[in-house]
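The lines below spell out each chain.
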Amino acid sequence: SPTAPTAPKPLYLCSPFVEAALVVGNFKTIVMQPKHVDVMEWVASNIFDFYQNLNLFYGVLTECCTSQSCPTMSAGSQLNYTWINQDRKSVQLPAPTYIDYVMTWVQNLLDDENVFPTRSGRDFSPNFPSTIKHVYRQLLRVFAHLYHAHYEQILHLRSEPHFNSLFAHFLAFGKEYELLDIKDVKGSPNAPVGIGLLWERWKDMGIITS
Amino acid sequence: GQSSSTPSAPKERGADYVYFERTTAGFSDDAIPRAKAAQLKLEHYYKVAVDAAIERNTRRVELERKLAADTTTSDERKQRQLLQLGKKESSFLRLKRTKLGLDDFRTVKVIGKGAFGEVRVVQKTDTSKIYAMKTLKKEEMLKKDQLAHVRAERDVLAESNSPWVVQLYYSFQDPTYLYLIMEFLPGGDLMTMLIKYDTFSEDVTRFYIAECVLAIEAVHKLGFIHRDIKPDNILIDKEGHIKLSDFGLSTGFHKQHDSSYYTRLLDSANGVQSPTTAARNSVAVNAIHLTMSSKDQIATWKANRRKLAYSTVGTPDYIAPEIFLQKGYGNECDWWSLGAIMFECLVGYPPFCSESTHDTYQKIINWPSYLMFPDDVHLSHEAEDLIRRLITSHDRRLAVEQIKHHPFFYGVSWTAIRNIEAPFVPRLRSITDTSYFPTDELEQVPEEPAGGDSTGANKDLAFLGYTFKRFTISSSGF
Ligand SMILES: Nc1ncnc2c1ncn2[C@@H]1O[C@H](COP(=O)(O)OP(=O)(O)OP(=O)(O)O)[C@@H](O)[C@H]1O
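The sections below set out a description of the structure shown in this document. Worth saying up front: this structure is predicted, and the values here are computed from it rather than measured.

**Let's talk about the overall build of chain A**
Then step 1. Per the secondary structure count, chain A includes seven helices and five strands.
Then step 2. Along chain A, from the amino end to the carboxyl end, the secondary structure elements read α-α-β-β-β-α-α-α-α-β-β-α.
Then step 3. The burial tally for chain A puts 50% of its 210 residues in the buried class.
Then step 4. A fraction of 70% describes how many contacts in chain A between residues 6 or more apart in sequence connect residues 24 or more apart.
Then step 5. Counting only carbon and sulfur atoms, one obtains 51% of the accessible surface of chain A, whose full area is about 9,900 Å².

This is the structure:
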């Protein structure tokens with residue numbers, strides 16, 4: 001009997017791409033907080049690195065992510081992220097604009113001595129945990145868009161093992177330090193995030209632990 | 001015959017197995033190299049992350065074990081030491097987020113010039129600490145094919161805590177230059193000292209050569225061959241003891257790896273002379289050799305010596321013949337170089353020095369006919385014997401233990417030599433005193449490094465992973 005027409009399975013959920021990985025083994029080794037080391041310092045250092053590494057790959061994909069190709073910040077067939085503007089209104093933005101806002105905002109935070117102190121003797125502010133949760137959620141959205149809209153290009157550029165590992169590391173780290181909300185990863189039932197299923201698959205495969 | 005272990009076996013492919021036709025059509029020319037660069041950077045990132053995790057763990061376990069074995073220290077103090085370690089690890093993490101650049105350093109003085117850039121005494125502006133900063137022009141290094149070399153050797157040497165190797169603390173880059181921040185050795189180098197004193201007594205020579213033996217041995221124990229040991233690379237610390245300059249970074253850059261150059265040399269050594277060298281070879285060799293002991297010839301050589309040190313070609317005077325012959329070589333080549341340096345310390349010039357580098361190569365390859373001890377310089381029997389056992393074919397050259405037991409070193413305490421008083425202790429007026437460097441001969445060098453302008457993106461690929469920060473557990477931080 002004929003089945004209902006379904007959207008084809010996204011490539012990032014298909015074999016062999018879903019298994020492609022640069023880093024094999026348990027992320028625990030590099031996620032675990034080193035004993036005696038300040039947790040803020042550890043998280044700050046890792047967020048700094050995630051930002052740099054994501055930016056590196058986004059830099060390669062910018063030519064494919066234009067306001068024509070991506071008029072919205074899509075992350076699932078029913079999901080477009082909106083940006084909250086200065087008037088606290090939520091607006092649709094082309095993906096490259098949205099991502100540029102995110103990356104610029106994060107870069108400014110990283111450069112802000114009050115948020116990410118680099119001089120010795122300076123402490124993290126008490127707001128630091130809530131700030132970095134925002135950062136994490138926005139970086140997650142960038143990953144979600146790249147998986148949803150640009151995975152083919154990632155495949156053409158033979159970067160899927162790298163990109164997968166970077167994202168899996170990001171998820172594992174976010175989970176360990178409670179920087180990720182599961183509902184941000186999965187989205188709502190009527191507007192699921194594409195990578196929500198990837199999260200499930202990777203959990204089943206043991207790539208990230210539940 | 002189980003095929004289940006072969007991931008590519010078609011049977012294994014599940015229902016969701018997809019063939020994807022990859023193509024680079026539709027991407028800009030830039031995209032492919034940029035993607036490659038991003039991949040390499042990420043690979044490097046994860047390698048370093050794993051190593052760092054292991055090293056951090058080792059440091060902690062070692063301290064915990066040490067504290068557990070220590071019965072005299074109170075628990076409270078032990079706890080403090082662990083906290084202290086945690087603080088250091090934290091500040092190291094912070095350091096990684098700190099971007100150091102040219103503007104964090106102020107030039108005090110230009111003190112040296114090398115094949116690929118200059119060496120300056122600099123002061124880190126926020127801490128006022130003094131360092132030596134070496135600049136290396138990337139483009140020059142790419143041209144000379146020196147990269148594999150730099151990358152392979154850097155990390156190990158950077159991690160070595162050996163007192164015989166100049167410490168590297170930090171490195172960064174801009175599009176044009178690599179910058180190395182290392183410890184500043186205020187005593188100058190052995191080349192400058194030899195230019196100043198002409199020759200050393202046997203006692204003084206014994207001291208420097210013995211220290212060099214230990215330094216070279218330390219390098220070999222790290223698994224490296226220096227290949228380019230020469231007086232310019234033997235630096236003097238504030239107590240007058242020696243350290244080898246950070247090779248793999250700074251030295252060994254020269255012609256050794258330009259194989260076509262050697263092929264040409266080899267051909268001419270075998271009589272397949274190119275038209276340009278034929279005329280020169282036939283007459284000049286002996287003539288130069290005979291006049292070499294005359295004082296003004298040596299003066300000419302010495303005057304050129306520093307210029308040679310500043311050129312990209314470098315001086316071949318200390319390089320072992322087997323390196324030219326390209327049939328593979330082991331770490332014995334460094335002992336040849338030491339023999340040549342010892343000869344120079346006692347005689348006043350290196351054994352195969354000539355008016356042109358080409359003639360020097362010829363003499364080294366035909367060393368049995370050219371190794372001569374001049375009549376007007378008196379050497380002890382032991383000194384001459386040691387030199388002859390170092391400047392010899394690689395299979396007959398002494399190994400490190402034999403060298404240490406050679407009668408020339410009679411009385412040397414190999415374990416204590418770094419702690420005894422050196423023959424020349426630099427007299428320094430301040431921590432930035434540069435009087436042991438020929439600073440007045442460096443007039444064309446700009447005071448402040450120029451900083452970078454843009455070059456092609458693919459060039460940076462070669463310097464991947466160059467930015468380096470040292471974790472110094474003993475020092476109070478960078
Ligand atoms: N850490 C240092 N402290 C003090 N002086 C230094 C230091 N490093 C280098 N110098 C001085 O600068 C000169 C040139 O440095 P070096 O030999 O390392 O560079 P180089 O000439 O580029 O290397 P190479 O030996 O490959 O030619 C040295 O001979 C020495 O006088």
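**Observations regarding the overall build of chain B**
Then step 1. Each helix and strand in chain B was counted, giving 16 helices and eight strands.
Then step 2. Residue pairs in contact within chain B that sit at least 24 positions apart in sequence constitute 73% of those at least 6 positions apart.

**As for the sheet that holds strand 1 (residues 73–76) of chain A**
Consider a sheet: its strands pair through backbone hydrogen bonds, and that pairing is either parallel or antiparallel.
Residues and elements named next belong to chain A.
Then step 1. Taken in spatial order, the three strands line up as 1-2-3 in an open sheet, and their pairing is antiparallel. Edge positions in the sheet fall to strand 1 and strand 3 (90–92), since each of these pairs with one other strand and no more. The mean angle between the axes of side-by-side strands here comes to 45°, regardless of whether they run parallel or antiparallel.
Then step 2. Bridge count for strand 1 against strand 2 (residues 79–84) is three bridges, and the pairing is antiparallel.

**Regarding the packing of helix 6 (residues 202–221) of chain B against helix 11 (residues 332–347) of chain B**
All names here are of chain B.
Then step 1. Remark: helix 6 packs on helix 11, axes separated minimally by 10 Å, with the N-to-C direction vectors making an angle of 165°. The angle between helix 6 and helix 11 falls in the class roughly antiparallel. In terms of crossing hand, the pair formed by helix 6 and helix 11 is right-handed. For the pair helix 6 and helix 11, contact is made by Glu 202, Thr 205, Ile 209, Cys 212, Val 213, Ile 216, Glu 217 and His 220 and by Asp 334, Trp 335, Leu 338, Ile 341, Met 342, Cys 345 and Leu 346, respectively.
Then step 2. Of the residues belonging to the contact of helix 6 with helix 11, the class tally is 10 nonpolar, two polar and three charged.

**With respect to the pattern of salt bridges**
Then step 1. Throughout the structure, instances matching the rule amount to 25 salt bridges over all chains.
Then step 2. Its salt-bridge partner being Lys 35 of chain A, residue Glu 64 of chain B comes within 3.6 Å of it at the nearest N-O pair. In this pair, Glu 64 of chain B is assigned in helix 1 (residues 31–69) and Lys 35 of chain A in the loop between helix 1 (28–31) and helix 2 (39–61), connecting two distinct chains.
Then step 3. For the salt bridge of Glu 89 of chain B with Arg 59 of chain B, the shortest nitrogen-to-oxygen distance reads 2.7 Å. Of the two residues, Glu 89 of chain B is situated in helix 2 (residues 75–97) and Arg 59 of chain B in helix 1; the sequence distance between them amounts to 30 residues.
Then step 4. Since its relative accessible area comes to 4%, Glu 89 of chain B is described here as buried.

**Structural notes on the packing of aromatic side chains**
Residue and element names in this part refer to chain B.
Then step 1. Inspection of the entire model under this criterion finds 39 aromatic pairs over all chains.
Then step 2. Geometrically, the ring pair formed by Tyr 177 and Tyr 179 is tilted, given 6.0 Å between the ring centres and 50° between the ring planes.
Then step 3. Under the relative-accessibility criterion, Tyr 177 is labelled buried at 16%.
Then step 4. The interplanar angle of 15° and the centroid separation of 5.9 Å between the aromatic rings of Trp 336 and Phe 352 together place this pair among those described as stacked.

Rules used throughout
- Residues numbered from 1 in each chain as written.
- Chains lettered and ligands numbered in written order.
- Predicted model: local features only at pLDDT ≥ 70, side-chain atom pairs only at ≥ 80, totals over all residues.
- Heavy atoms only, no water.
- Helix = DSSP H or I, 4+ residues; strand = E, 2+ residues; numbered from the N terminus.
- Buried < 20%, exposed > 50% of the residue type's maximum accessible area, 1.4 Å probe, protein only.
- Contact = heavy atoms within 4.5 Å.
- Areas by Shrake-Rupley, 256 points an atom, 1.4 Å probe, with all protein chains shown as cover.
- Pairing = 2+ DSSP bridges.
- Axes fitted to C-alpha atoms, helices over the stretch in contact; angles between N-to-C directions.
- Parallel < 35°, antiparallel > 145°, perpendicular 65-115°, else oblique.
- Left-handed = near helix turned anticlockwise from the far one by under 90°.
- Nonpolar A, V, L, I, M, F, W, Y, C, P; charged D, E, K, R; others polar.
- Salt bridge = Lys/Arg side-chain N within 4 Å of Asp/Glu carboxyl O.
- Phe/Tyr/Trp six-rings, centres within 6.5 Å; stacked < 30°, edge-to-face > 60°.

None of this, on its own, says anything about what the molecule does.
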